[in-house]
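# Observations on the three-dimensional arrangement
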Amino acid sequence: SQTIHQWPATLVQPVGSPLSLECTVEGTSNPNLYWYRQAAGRGLQLLFYSVGIGQISSEVPQNLSASRPQDRQFILSSKKLLLSDSGFYLCAWSERREQYFGPGTRLTVL
Amino acid sequence: AQSVSQHNHHVILSEAASLELGCNYSYGGTVNLFWYVQYPGQHLQLLLKYFSGDPLVKGIKGFEAEFIKSKFSFNLRKPSVQWSDTAEYFCAVNSPSGGYNKLIFGAGTRLAVHP
């Protein structure tokens, strides 16, 4: 069966510091991968998605970037964090029309 | 642009009460519709989905949803809720444009069920 992992689970970072969140999927090959941000009372917002290695689509202009160095690895990064980057970040994968979500990373920028 | 509206942000029910959570979307073409649930401290999980066919779909844990195309709605129902249904519920939609990759979520409804 497929599983999806995210780490770290929680992270507290100062403003201006870099960020790297990692997501890996097991038990499937060539999945579509996604990064979402969940804000309280606002649902989930799609940030990036990838249909293959090195292929990244960005949905909203922001301070973040994504990369897919391997088939089942998806990384969310920032060179300099802003206060507004605080939130709950979810990774998801899909093979067809359904998406399956990881446990998330709670990021607090101080 | 596509959007999803969930009418109730917070719902409080007693056990055995009936539940209906509203969801409306704005997109005139073919859509896939989903309800996801997030129990306290757990992953976001797929509760049920609609792609085509019978507009009344049944999901896990006794939940069902009805797709009414003319009303652009996909409301979630359960005849008798339990304390364990306390969670946050999200309606979502995607479409063939964008290759089904752009899953648009509503703001969510927090359900609290009291024993």
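First, a word on scope: everything that follows refers to the structure included in this document. Remember, predicted model here, so these are calculated numbers, not experimental data.

### Some points on the overall build of chain B
Helix and strand content of chain B: zero helices and twelve strands. Listed N to C, the secondary structure of chain B is β-β-β-β-β-β-β-β-β-β-β-β in terms of helices and strands. Computed over its C-alpha atoms, the radius of gyration of chain B comes to 14 Å, within 12% of the 13 Å expected for a compact globule of 115 residues. Along the first, second and third principal axes, the C-alpha atoms of chain B reach 45 × 30 × 20 Å. Burial statistics for chain B: of 115 residues in total, 46% are counted as buried. Put simply, of all contacts in chain B between residues at least 6 apart along the chain, 56% involve residues at least 24 apart. When the accessible surface of chain B is totalled, it reaches about 5400 Å², and 54% of it is carbon and sulfur. On chain B, the mean spot of the 9 positive side-chain charges and the mean spot of the 7 negative ones are 7 Å from each other.

### A closer look at the side chain of Gln38 of chain A
For Gln38 of chain A, the position within the fold is in strand E4 (residues 32–38). Looking at Gln38 of chain A, its side chain comes within polar contact range of the side chain of Gln38 of chain B, at 3.2 Å. Excluding its chain neighbours within four sequence positions, the residues that come into contact with Gln38 of chain A are Gly43, Leu44, Gly87, Phe88 and Leu90 of chain A together with Gln38, Glu88 and Phe90 of chain B.

### Let's talk about the sheet that holds strand E3 (residues 19–26) of chain A
Residue and element names in this part refer to chain A. Pairing is antiparallel across the open sheet formed by four strands, whose spatial order is E1-E3-E8-E7. Of all the strands in the sheet, the pair left with one neighbour each is strand E1 (3–7) and strand E7 (65–70). Geometrically, the sheet is characterised by an average inter-axis angle of 20° between neighbouring strands, direction not taken into account.

### Focus: the interface of chain A and chain B
Taken together, the 19 residues of chain A in the interface contact 20 residues of chain B. Of the roughly 1700 Å² buried between chain A and chain B, counting both surfaces, carbon and sulfur atoms make up 52%. Of all residues in chain A, the largest losses of buried area upon contact with chain B belong to Arg97, Glu98 and Phe101 of chain A, amounting jointly to 37% of the total for that side. At the junction of chain A with chain B, the criterion picks out two salt bridges.

### Some thoughts on the environment of Gly22 of chain B
Examined against the element boundaries, Gly22 of chain B turns out to sit in the loop between strand E3 (19–21) and strand E4 (24–26). Discounting chain neighbours no more than four positions away, the residues touching Gly22 of chain B are Ser5, Gln6, His7, Asn8, Trp35 and Asn75 of chain B.

### Some points on the pairing of strand E9 (residues 87–94) of chain A
All names here are of chain A. Most of E9 sits inside the fold, with eight of its eight residues counted as buried. Inspection of the sheet shows E9 paired to strand E11 (residues 105–109) by three bridges, in the antiparallel sense. When the sheet's bridge partners are listed, Tyr89 is paired in E11 with Thr105. With two bridges connecting them, E9 and strand E10 (residues 100–101) associate as antiparallel partners. Across the sheet, Trp93 pairs through a bridge with Tyr100, a residue of E10. Two successive antiparallel strands, E9 and E10, enclose a turn made up of five residues.

Rules used in this analysis
Each chain has its residues counted from 1, following the order in which its sequence is written. Throughout, the order in which chains and ligands are written sets their labels, letters from A for the former and numbers from 1 for the latter. In view of the model being predicted, local features appear only for residues whose pLDDT reaches at least 70, and side-chain atom pairs are presented and counted only at 80 or more, with totals across whole chains, interfaces and linings using the full set of residues. Neither water nor hydrogens contribute to the side-chain values; these are computed over all heavy atoms in the structure. Segments assigned H or I by DSSP are reported as helices when at least four residues long, segments assigned E as strands when at least two residues long, and all are numbered from the N terminus. In this treatment the radius of gyration is a C-alpha quantity, and the globule benchmark scales as 2.2 Å times the residue count to the 0.38 power. For the exposure calls, accessible area comes from a 1.4 Å probe over protein chains only, and a residue counts as buried if that area is under 20% of its type's maximum, exposed if over 50%, partly exposed in between. Only heavy atoms matter for contacts: two residues are in contact if any of them lie within 4.5 Å across the pair. Areas reported here follow the Shrake-Rupley algorithm with a probe of radius 1.4 Å; residue values treat only the protein chains shown as occluding. Positive charges are assigned to Lys and Arg, negative charges to Asp and Glu, while His and the chain termini are left out of the count. To locate a charge, take atom NZ for lysine, CZ for arginine, CG for aspartate or CD for glutamate. Definition of a polar contact: a pair of N or O atoms within 3.5 Å, with one able to donate and the other able to accept a hydrogen when the atoms are protein atoms, and with sequence-neighbouring residues admitted only if both atoms are side-chain atoms. Two strands pair if DSSP finds at least two bridges between them. Lines are fitted to the C-alpha atoms to define the axes, a helix being fitted only along its stretch in contact, and any angle between axes, read from their N-to-C directions, falls within 0 to 180 degrees. When two parts are put together, the accessible area they lose, computed with a 1.4 Å probe and summed over both, is reported as buried area. By definition, a salt bridge exists where a carboxyl oxygen of Asp or Glu is found within 4 Å of a side-chain nitrogen of Lys or Arg.

No statement about biological role is implied by the geometric values presented.
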